[in-house]
Amino acid sequence: MSMNEDRIHVSERLKLLGLEVYKQLESGMYPKIKLPVRSVSNIIYDQEKGVVKLGEKMSIRSSSNIKQSKAFARLMWVAAFAKTNLVDKGKSCSLRDLYYHSFNDEVIKFDEQDESDNVVIELESILGVPRETFNILPEEKSSIFGDLMIEYTTPESHAGLRVNLMSDPDGKNIGLSIATAKFIETSAKMVIAVEKGAMFRRFIEEGLYNRLNAILIDTGGQAPRFTRIVIRRLHEELGLPVYILTDADPWGMHIARVITSGSAQAAHIPFLATPNAKWIGIWATDIKKYELPALKLNAIDTQRLTTLERDPRYNDGIWAEQLKSFKKIGLKAELEAFSKYGLTAIIDRYILKKIKNIEKDI
């Protein structure tokens, strides 16, 4: 089911959740609900599909349990807020907005935003859809640029309006309106996602989108969920191959891995991932190959590598090979390191050749 279809049905799902609780109350019972367990013990890596997801374990939250009653009430409050204040009215809010809105109810009021954020995640896991479908939105920090004509479906004031994503040379922020827009037509042959805004800007200035006929995406570091939704849609709906470019360090490698396989934090929403996307570097082995200026891995980087080694997603293929290389050379390098050879070297010496080689191997 697409995100747009999820958004259409989420009001009904929220209503059914409320009815489930109401029926229990009407029959004289203390209401309770089932929630998927989101602990590490219930997060599994589905090798066949190439994504992380939740297992079958469920927990019960009961309003009759004194330790759970407030958490139960807060969950119902967030569900009711999402349906009546957001979905049914076609409005949206941020996680921060939701936190402050709770201040209107002394019983429900959250002490810290982390608490309300966690309740939103619980609601996602119960409904099986991302919070974006019930209009609780993240901050926009990623952008898209390229020859893609879209037609907005939301907000109502813009529904039906068409725009080409090449019209803004700074790129357009990826938010709810672009994530849910219809893809009308494109001449693009691929998608290149890069983790840094400065590199995204350079790719526009140097016309990389024309040379490769590519749609460019700035993930702004770890790709926000709207960005991962758009990347997946571009691949599935338009059949475009996706290539991911990051710094050569364990953090950049994991940015790419989250795009391809999803994240443990969002394991209850496995359809955010694009398993066929390719990480084209910079790889650990490229640091020596291209004689890039590099820094030594610090203690935090090394600890991160150790953590990734325990992650089953890094047990084979390019992921295992590069993890091993990072540990062996003890170095890291940024995308900008190619500027040693000139500002366009990362395009001329690296990206064009890397994509050509990968396409040859496919």
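Residues numbered from 1 in each chain as written. Predicted model: local features only at pLDDT ≥ 70, side-chain atom pairs only at ≥ 80, totals over all residues. Heavy atoms only, no water.

1. So, a positive patch on the surface
Piece 1. On the surface, a cluster of positive charge is contributed by Lys289, Lys340, Arg349 and Lys353.
Piece 2. Looking at the secondary structure, you find Lys353 in helix H13 (residues 345–361).
Piece 3. Classification of Lys353 by relative accessible area gives partly exposed; the value is 45%. (Patch = residues over 30% accessible without salt bridge, like charges linked within 9 Å, V, L, I, M, F, W, Y side chains within 5 Å. Areas by Shrake-Rupley, 256 points an atom, 1.4 Å probe, with all protein chains shown as cover. Salt bridge = Lys/Arg side-chain N within 4 Å of Asp/Glu carboxyl O. Lys, Arg positive; Asp, Glu negative; His and termini not counted. Charge placed at Lys NZ, Arg CZ, Asp CG, Glu CD. Helix = DSSP H or I, 4+ residues; strand = E, 2+ residues; numbered from the N terminus. Buried < 20%, exposed > 50% of the residue type's maximum accessible area, 1.4 Å probe, protein only.)

2. Section: the packing of aromatic side chains
Piece 1. The full count for this structure, using the stated rule, is twelve aromatic pairs.
Piece 2. Each ring, one from Tyr99 and one from Tyr100, has its centre 5.0 Å from the other, and the planes form 50 degrees; the classification is tilted.
Piece 3. Under the relative-accessibility criterion, Tyr99 is labelled buried at 9%.
Piece 4. By relative accessible area, which is 43% here, Tyr100 ends up partly exposed.
Piece 5. For the ring pair Tyr290 and Tyr350, a centre distance of 5.3 Å and an interplane angle of 75 degrees mean the geometry is edge-to-face. You can see Tyr290 sitting in the loop between helix H10 (284–289) and strand S16 (295–296) and its partner Tyr350 sitting in helix H13, a full 60 residues away along the chain. Like Tyr350, Tyr290 is buried.
Piece 6. Among the aromatic residues, ring-to-ring pairing joins Trp279, Trp283, Tyr314 and Trp319 into one connected group. (Phe/Tyr/Trp six-rings, centres within 6.5 Å; stacked < 30°, edge-to-face > 60°.)

3. Structural notes on the pairing of strand S8 (residues 148–151)
Piece 1. Of the strand pairs in this sheet, S8 and strand S11 (residues 182–186) are connected by four bridges, and their pairing is antiparallel. Bridging across to S11, Ile150 finds its partner in Phe183.
Piece 2. In terms of strand pairing, S8 meets strand S9 (residues 162–164) through three bridges, oriented antiparallel. Note that in S9 the partner of Met149 across the bridge is Asn164. (Pairing = 2+ DSSP bridges.)

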